[in-house]
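Here is what each chain is made of, one letter per residue.
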Amino acid sequence: MSIAFWLVAICLIATAFLPELADRSWLFDLASNLRLPIIIAAAILAIAALSTRRYLIMLVAIGSTVPHLMAMTVHWPEPQPQGGRPISVGTANLLWNHEDPANAVALLSDLNLDLLVVQEKSTQWNTHLRPLRERYQFTVPGSPAFSHDVMVFSRWPVVSVTPLAPGSTYRSGMIVELVIDDHTLTVIGVHAPTPTSARLTDRRDAFLNRIAEEVQARRGNHVLVVGDFNATPYAPSFQILAEAGLSADASSGTPIATWPTWLPLVGLPIDHVLGNDRIAIGTVETGPDIGSDHYPLIAHVRLLD
């Protein structure tokens, strides 16, 4: 029994090196997102060790959580600048094969946000999106039939739209320029590749680099990047976005889990509303369960003068 305790403890200690090993294998990169599940596993081991008077193993288990707790300090509340034009922004992964699209659309429409970005809009959603299209005066693309992934619903006029990937189905996202009062806002709606293989992890990182380039090209402008990033703030690849000047800092802290909905205690924050230094993010919260495998994410932000 002691050997089993020690094997688990050694494995937990080894997880501290996951970020350094992320460039060696996509599996290490994927595991570097699992900070909260690792902390919970360490807590369970510490309690089991305490109950069996294995005090050294208990201390090792507690100590193994330190690098993961430090990584999760990204969720600590940060002071935000005052003033600016407030808007409410949401993102929701609809799920390609949702069983009840009409109910999900009704729940999203009731949120009454100023701006909504959705992902995984498959063809089955086309006949159910009318409530959202009636709620929002401006929809990109104008017809759901012209998108097979990302759509944007806005209360404000759309000046221009550019696909993030070649083609016109907005498979991985779009860049939308909006006019809000006397502000111009760039919204980059995104759906990153799922990093479940070496090839897809490389594609995901290339996708994040593309986003970073678009953000850096718009320095001085108001820029929001919204959607399903398939990466947590703890992953080394997320630094690509941080180095581009994007931040999820919020005065209330950032929700821990948006996916999967059936594991809320050990879920992952992979859906984000990120802003550059012209955006102040005030509060962030998860939305209602819409029957997808993701919770919607809602952010109240301000466009700084």
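Preceding block: the structure.
Definitions and cut-offs
Residues numbered from 1 in each chain as written. Predicted model: local features only at pLDDT ≥ 70, side-chain atom pairs only at ≥ 80, totals over all residues. Heavy atoms only, no water. Helix = DSSP H or I, 4+ residues; strand = E, 2+ residues; numbered from the N terminus. Buried < 20%, exposed > 50% of the residue type's maximum accessible area, 1.4 Å probe, protein only. Polar contact = N/O pair within 3.5 Å; in protein donor to acceptor, adjacent residues only side chain to side chain. Contact = heavy atoms within 4.5 Å. Phe/Tyr/Trp six-rings, centres within 6.5 Å; stacked < 30°, edge-to-face > 60°. Lys NZ or Arg CZ within 6 Å of the ring centre and 35° of its normal. Pairing = 2+ DSSP bridges. Axes fitted to C-alpha atoms, helices over the stretch in contact; angles between N-to-C directions.

## Regarding the side chain of glutamine 119
Phase 1 of the analysis: Looking at the secondary structure, you find glutamine 119 in strand β2 (residues 115-119).
Phase 2 of the analysis: The class for glutamine 119 is buried, based on a relative accessible area of 0%.
Phase 3 of the analysis: A distance of 2.9 Å separates a polar atom in the side chain of glutamine 119 from a polar atom in the side chain of threonine 91.
Phase 4 of the analysis: Residues within four places of glutamine 119 in sequence aside, it is in contact with Thr91, Ala92, Asn93, Leu94, Leu95, Asp149, Val150, Val190, His191, Gly227, Asp228 and Asp271.

## Regarding the packing of aromatic side chains
Phase 1 of the analysis: Inspection of the entire model under this criterion finds two aromatic pairs.
Phase 2 of the analysis: Residues tyrosine 136 and phenylalanine 153 carry aromatic rings whose centres are separated by 6.0 Å and whose planes lie at 50° to one another, so their mutual orientation is tilted. With tyrosine 136 in the loop between α8 (130-135) and β3 (138-140) and phenylalanine 153 in strand β4 (residues 151-154), this residue pair connects regions lying 17 residues apart in the sequence.
Phase 3 of the analysis: When its relative accessible area of 0% is taken as the criterion, tyrosine 136 is described as buried.
Phase 4 of the analysis: A residue is classified by how much of its surface remains accessible, and phenylalanine 153, at 0% relative accessible area, is buried.
Phase 5 of the analysis: Relative to phenylalanine 238, the ring of phenylalanine 229 has its centre 6.5 Å away and its plane inclined at 55°; by these criteria the two rings are tilted. Phenylalanine 238 shares its class with phenylalanine 229; the two are buried.
Phase 6 of the analysis: A cation sits over an aromatic face here: arginine 54 above phenylalanine 5, 4.6 Å from the ring centre.

## A few points about the sheet that holds strand β5 (residues 158-163)
Phase 1 of the analysis: In space, the five strands of this open sheet follow the order β5-β6-β7-β8-β9, with mixed pairing throughout. Single-partner strands in this sheet number two, and they are β5 and β9 (271-275). On average, each strand axis in the sheet is inclined to that of its neighbour by 15°, with strand direction left out of account.
Phase 2 of the analysis: Two strands pair when backbone bridges link them, and strand β8 (residues 222-228) and β9 are joined in this way by five bridges, in the antiparallel orientation. Across the sheet, residue glycine 227 finds its bridge partner in β9, namely histidine 272.
Phase 3 of the analysis: Strands β5, β6 (173-180), β7 (183-191) and β8 of the sheet are contacted by helix α9 (residues 198-216), whose axis makes an angle of about 175° with β7.

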